[in-house]
Amino acid sequence: MGTGSVSAFLKKYTMVIALVVVFIFFSITTSGKILLPPNINNLISQNGYVFVLGTGMLLCILTGGNIDLSVGSVVCFTGGIGAIMMQRGLPWILAVIVMLAVGLLVGMFQGFWIAWVSVPPFIATLAGMYAFRGLSNVVMGGYSVGINDETFLRVFGGGADCYIPDFIGGRAASAASSVAAGAESVATATESAVTSAAAAVETTAQTAASSSLNLTCLVAGIVIIAVFVLMSIKGIVSRQKKGISSGNAAGEFIKVLIISALVLAITIKLAQYKGIPTVLIWIALILLIYGYVTSNTAIGRYFYAVGGNEKATRLSGVNTKLVYFIAYANMGLLAGFAGILAVARGGHAEPTYGMGYEMDAIASCFIGGASAYGGVGKITGVIIGASLMGVINQGMSIMGISANYQSAVKGAVLLIAVLVDVLSKKEKA
Amino acid sequence: MAKILLEMKNITKTFPGVKALDNVNLKVEEGEIHALVGENGAGKSTLMNVLSGIYPYGTYEGDIIYDGETCKFGTIKDSEGKGIVIIHQELALVPEMTIGENMYLGNERGKKFKIDWDTTYVEADKYLKMVGLSESSKVLIKEIGTGKQQLVEIAKALAKNARLLILDEPTSSLNEEDSRALLDLMLGFKKQGMTMIIITHKLNEVSYVADKITVVRDGSTIETIDNANHDIDEDRIIKGMVGREITNRFPKRENVKIGEINMEVSGWTVQHPLYPERNVVNDVSMYVRKGEVVGIYGLMGAGRTELAMSIFGQSYGNLLSGVLKINGQEVRLKKSPTDAINHKIAYVTEDRKGNGLILSQSIKVNTSLANLDSISKNLVIDKDREYQVAEEYREKLKTKTPSVEQLVGNLSGGNQQKVLLAKWMFAEPEVLILDEPTRGIDVGAKYEIYCIINDLAAAGKSVIMISSELPEVLAMSDRIYIMNASRIVGEMKASEATQENIMAAILKSGRGD
């Protein structure tokens, strides 16, 4: 039982462990620089598009290992359209709506061929990849298009001020020291887990003496943790009431604890810098929505079912063609959204934007444990896969390793991740 | 006594956590046909994989003595070099290649960088003739039927100079006629001195071809029965397989209360989806009453599955003409299974792995798939409810599994079949069409499936059971339709039906191609 459960644990959390190991590795090799608040902040801001595109890509991959190669071009195409609209002085809200709509239409167009005409997704989207890259050039006339709309940039995370304003901290900077004192008294009162958290608060409070600590960010983080813990407890209690064995209660508890600690660590880092980057809100929103859809709704279930056995799903009364269509239409929508984030971050649109984004999205799904044959994969996997790639990029950049080697390492990581997946399946058979 | 060609001594093979074979002993005489029987998972295929080197020497304990010497096979090539050739249950042919190319795949004639195609095809033709095929070896595999493909597999084995031929379920995908031809071919080979081992579930075949029968149960050899006179009693074999006397293979129907006509089709004619000139179902009229079990008996390829699937929302072929009535009302179903499910019809496929279950998902997910709406609110699934439903059916159908979170792919065939039934029972149909509900599952699980069918009928559901096992149809049905060459060629009450008059109805109708 002992060894069995350990190997099962390792198998289940291989990539989480890998992420931790890689993170520790870079913490050492960069002598802690990767842990600095600005770097944590950049890790999120720079990789926003991977999370968003990876989420869409996961749905496509779930339907049977199908991928969408066109997303990089669609990101560029929608971004270009939006940038031009804003440059012509149209309101940014209109531009955002048009960008999302164009993305959705492109997705529906490709989804139509894939679902109802049975064009292989690889080919349909390869065609899209060429076509929309070319059309981006046409739209932008081959030049870069600048964006001056301040509100747009701020809302979607571009420029210097793309952070949630500090409602509380601005007034209470002087209160920081009292927070630290309070934290200390808490620390003596309770167990060690709290001690370390309080100690972390203390150190941040100390740094806040020199720079200012973003209290809004900190409060938001604590509220999120509280809600998360409450919901987890509620779930366990209700399942127990209905007499459903919830499996390993201790394991569940540890999982909640680790996730809470992680959220706390990130919020502290962000609070030490400039607070919550607006991109993070968007990423979190997308991940939450799709995490919920894939695990709790009927349509989410159908993505898995179609990828697991298309014929059986069709004979169960599911419109499988519609499922394919939705996967690709949704991918287009999210590509449009990633286009918004991309041009906002850059402050302008360029005909070369988004090159290779599709590959990053695909890779993060597979690293996160999605099956290349479909039917298996999770949003949490996408988070882990995207984070792992982000950490590797960031770590190597800080170490001063050239981009060429970075690409080579990413390739190796992808291969190893899929190897682990394949080998663990082989063992079972 | 003839010479012992093969002896497997004290073979033990362990997989992580499971002892698949435990001190197995097998003796095969030269020139005999030796049958290996046992329930699913008993270890028959594992034993053959040990013999052929798929599990190489060193991964198992025990000795293989072949032709007087101890063998240590590392790969399939080693065992084939000695003339031990295995033909697996799943056909291993490439559809887009010719018969000749397939026969010499991995065993090419000529030089490594220059295949001698002339020799290939000349030799291939020679072996094809030996198995009674008149096709040229230049025909593509996809152009010949399953029965002939199986013969190509045998020709392929002969081309490897087989001395000991192992056939794993060779007739599982063949119709009765092709099966018989294959068995006769085996008897012909025996006369020429070939030694064969056959693994099969079909006990009538065992008693027809085998000289000796070895029974395997739970990874051990139980006994070897002599069948020199080919007259062994099937119950005698079953007793060895399950370890106890099975007094009754079919449970008694209780509470038989047959009501109104629930579903009726008339003038039902369906075109083949690719060849519109062929009618796969021709002018079929039939009905089923509430609380009734109706058997449809026919050989494979008679059009039974096509009939069932075309009723189930035209999920096969194109409906040319025909009227479907449910509860006396004419219904025109749209071309989608959804519409059929909404009209309380369920079709439980014959191909549970291909068309029925999602092997990569849990029992829970499979159980709820066809009726997610009933446990969802505003498109959101109530997962706790889902768990309870799956749990309820697990208990009701006695599915053997540690938990409903178990992946369906890890279950045995019988338990998979139960999950498939659970899924369709949860869809709350009034009419259940069960297509070969007991195919490829062992005797114990079969009995339990029969009990479920009886319970469904007792609950007032209409059950249509399609089967090519005559004893099953005779024992389970209230009424029997006989199907042949796309038509219903006979209808009789179960009380009047016998093996003889059913076969007579089929023969009388001829094979009207």
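Model, not experiment: these values are computed from the prediction.

Caption draft 1: Up close: the overall build of chain A. Summing up its helical and strand segments, chain A has 20 helices and 2 strands in all. A burial count over chain A gives 45% of its 429 residues as buried. For chain A, contacts bridging at least 24 residues in sequence account for 79% of all contacts bridging at least 6.

Caption draft 2: Expanded view of the overall build of chain B. Of regular secondary structure, chain B possesses 17 helices and 24 strands. Taking 24 Å as the expected radius of gyration for a compact globule of 513 residues, we find that chain B reaches 25 Å, a close match to that expectation. For chain B, the spread of C-alpha atoms along the three principal axes comes to 70 × 50 × 50 Å. A total of 513 residues make up chain B; the buried ones form 44% of that total. Within chain B, contacts between residues at least 6 apart in sequence are counted, and of these 68% link residues at least 24 apart.

Caption draft 3: Inspection of the confidence of the model for chain A at higher detail. The pLDDT averaged across chain A works out to 84; a share of 85% of its residues lies at or above 70. With pLDDT under 50 throughout, residues 171–210 of chain A is counted as low confidence; its partners more than four residues away or in other chains account for 33 contacts.

Caption draft 4: Inspection of the nonpolar core at higher detail. Core analysis: the largest hydrophobic core is formed by 186 residues, its most contacted members being L53 and L341 of chain A together with I433 of chain B. Broken down by element, this core gets its largest block of residues, 18 residues, from helix α17 (residues 320–346) of chain A. Counting contributing residues, this core receives three or more from each of domain 2 (248–344 + 430–513) and domain 3 (354–428) of chain B.

Caption draft 5: Seen up close, unusual backbone geometry. Residue and element names in this part refer to chain B. Phi is positive for N378, which is not a glycine, with a value near 50 degrees. Looking at the secondary structure, you find N378 in the loop between β19 (376–377) and β20 (380–381). Its identity is not glycine, yet K398 carries a phi of approximately 55 degrees, on the positive side. Locating K398 in the fold gives a position in the loop between α13 (383–397) and α14 (413–426).

Caption draft 6: Quick peek at the pairing of strand β22 (residues 462–467) of chain B. Residue and element names in this part refer to chain B. Summarising burial for β22: 6 of the 6 residues are buried, a large majority. Residues S462, I464 and I466 point to one face of β22 and V463, M465 and S467 to the other, with burial holding for every one of them. Alignment of strand β15 (residues 293–298) against β22, held across 5 bridges, turns out to be parallel. Along β22, the bridge assignment pairs G295 with M465.

Caption draft 7: Region of interest: the sheet that holds strand β16 (residues 318–326) of chain B. Residues and elements named next belong to chain B. The 4 strands are arranged β14-β13-β16-β17 in an open sheet whose pairing can be described as antiparallel. Each end of this open sheet is capped by a strand with a single partner; those strands are β14 (279–289) and β17 (329–331). Adjacent strand axes in the sheet meet at a mean angle of 15 degrees, parallel and antiparallel pairs treated alike. Each of β13 (261–271), β14 and β16 is contacted by helix α9 (residues 304–311), which is oriented at about 70 degrees to β14, the strand it contacts most.

Caption draft 8: Highlighting the packing of helix α4 (residues 48–62) of chain A against helix α19 (residues 379–399) of chain A. Residue and element names in this part refer to chain A. Remark: α4 packs on α19, axes separated minimally by 9 Å, with the N-to-C direction vectors making an angle of 140 degrees. Classified by the angle their axes make, α4 and α19 are oblique. Considering the relative orientation of α4 and α19, their crossing is right-handed. Of the residues in α19, those touching α4 at V50, F51, G54, T55 and L58 are I379, V382, I383, G385, A386, M389 and G390. Residue composition of the contact of α4 with α19, grouped by class: 8 nonpolar, 4 polar and no charged.

Caption draft 9: Region of interest: the sheet that holds strand β5 (residues 69–71) of chain B. Residues and elements named next belong to chain B. An order of β2-β1-β4-β5 is seen for the 4 strands of this open sheet, with the pairing classed as antiparallel. Either end of the sheet is taken by a strand with one partner, and the two such strands are β2 (18–29) and β5. Neighbouring strand axes in the sheet, compared pairwise and without regard to direction, differ in orientation by 25 degrees on average. Bridge analysis of strand β1 (residues 4–15) against strand β4 (residues 61–66) gives 5 bridges, and the strand direction is antiparallel. Bridge pairing in β4 places K9 opposite D63.

Caption draft 10: Fine view of the interface of chain A and chain B. Taken together, the 21 residues of chain A in the interface contact 26 residues of chain B. Broken down by secondary-structure element, the contributors of at least two residues to the side of chain A that touches chain B are α15 (298–308) and α16 (310–315) of chain A. Of the residues belonging to the side of chain A that touches chain B, the class tally is 8 nonpolar, 8 polar and 5 charged.

Caption draft 11: Spatial organisation of the packing of α4 of chain A against helix α14 (residues 278–296) of chain A. Residue and element names in this part refer to chain A. Where α4 meets α14, the closest approach of the two axes is 10 Å, and the angle between their N-to-C directions is 15 degrees. Considered as vectors, α4 and α14 are oriented roughly parallel to each other. Handedness of the crossing formed by α4 with α14: left-handed. Judged by residue contacts, G48, F51, V52 and T55 of α4 engage V279, I283, I286, L287 and Y290 from α14. Within the contact of α4 with α14, the residues separate by chemical class into 7 nonpolar, 2 polar and no charged.

Caption draft 12: Up close: the domain arrangement of chain B. Residues and elements named next belong to chain B. On domain assignment, one finds that chain B holds domain 1 (4–242), domain 2 (248–344 + 430–513) and domain 3 (354–428). A C-alpha centroid distance of 35 Å is found between domain 1 and domain 2. Counting residues at the interface gives 9 residues for domain 1, matched by 8 residues for domain 2. At 3 residues, the largest contribution of residues to the side of domain 1 that touches domain 2 is made by helix α8 (residues 234–242). Residues that form the side of domain 1 that touches domain 2 fall into these classes: 3 nonpolar, 4 polar and 2 charged.

Caption draft 13: Representation of helix α2 (residues 14–29) of chain A in the model. Residues and elements named next belong to chain A. In this model α2 runs 22 Å from its N-terminal to its C-terminal C-alpha over 16 residues, within 8% of the 22 Å that 1.5 Å per residue would give. Those residues of α2 that sit buried are M15, L19 and F26. One side of α2 holds all its buried residues, which, seen down the axis, span an arc of 50 degrees. Facing away from the buried side of α2, by more than 90 degrees, are the exposed residues I17, V20, V21, I24 and I28. In the segment just after α2, S31 is the residue with positive phi, at about 40 degrees.

Caption draft 14: Quick peek at the environment of D178 of chain B. Its place among the elements puts D178 of chain B in helix α6 (residues 176–191). Separated by 28 residues in sequence, D178 of chain B and Q150 of chain B have C-alpha atoms that sit 9.4 Å apart.

Caption draft 15: Spotlight on the environment of S70 of chain A. Residue and element names in this part refer to chain A. For S70, the location among the structural elements is in the loop between α4 and α5 (71–87). Sequence-wise, S70 and L36 are 34 residues apart; in three dimensions their C-alpha atoms are separated by 35 Å. Look past the residues within four positions of S70 in its chain and what remains in contact with it is Q110, T125, G128, M129 and F132.

Caption draft 16: Just the pairing of β13 of chain B, in detail. Residue and element names in this part refer to chain B. Here β13 runs beside β14; their pairing, made up of 7 bridges, is antiparallel. Counted as the bridge partner of W268 is V284 from β14. Where β13 meets β16, 7 bridges bridge the pair, whose relative direction is antiparallel. Residue pairing for β16: T269 is matched across the bridge by S321.

Caption draft 17: Seen up close, the environment of I144 of chain B. All names here are of chain B. Along the chain, I144 turns up in the loop between α4 (117–130) and α5 (146–159). On the basis of neighbour count, I144 is assigned to the partly exposed category, with 16 C-beta atoms found within 10 Å. In sequence terms I144 and P95 are 49 residues apart; their C-alpha atoms lie 9.5 Å from each other. Those residues in contact with I144, other than ones at most four positions away along the chain, are E135, V139 and Q149.

Caption draft 18: Main features of α17 of chain A. Residues and elements named next belong to chain A. Here α17 is 27 residues long and its end C-alpha atoms lie 39 Å apart, about the 39 Å a rise of 1.5 Å per residue gives. Of all 27 residues making up α17, 22 are buried, and the element is well covered by its neighbours. Backbone geometry just downstream of α17 places G347 in the positive-phi region, at approximately 80 degrees.

What counts, and at which threshold
- Residues numbered from 1 in each chain as written.
- Chains lettered and ligands numbered in written order.
- Predicted model: local features only at pLDDT ≥ 70, side-chain atom pairs only at ≥ 80, totals over all residues.
- Helix = DSSP H or I, 4+ residues; strand = E, 2+ residues; numbered from the N terminus.
- Buried ≥ 20, exposed ≤ 12 C-beta atoms within 10 Å, placed from the backbone.
- Contact = placed C-beta atoms within 7 Å.
- Rg over C-alpha atoms; globule rule 2.2 N^0.38 Å.
- pLDDT = per-residue confidence, 0-100.
- Core = buried A, V, L, I, M, F, W, Y, C linked by C-beta atoms within 7 Å.
- Domains from an automatic or database assignment.
- Pairing = 2+ DSSP bridges.
- Axes fitted to C-alpha atoms, helices over the stretch in contact; angles between N-to-C directions.
- Parallel < 35°, antiparallel > 145°, perpendicular 65-115°, else oblique.
- Left-handed = near helix turned anticlockwise from the far one by under 90°.
- Nonpolar A, V, L, I, M, F, W, Y, C, P; charged D, E, K, R; others polar.
- Expected span 1.5 Å × (residues − 1).
- Arc of directions from axis to C-beta.

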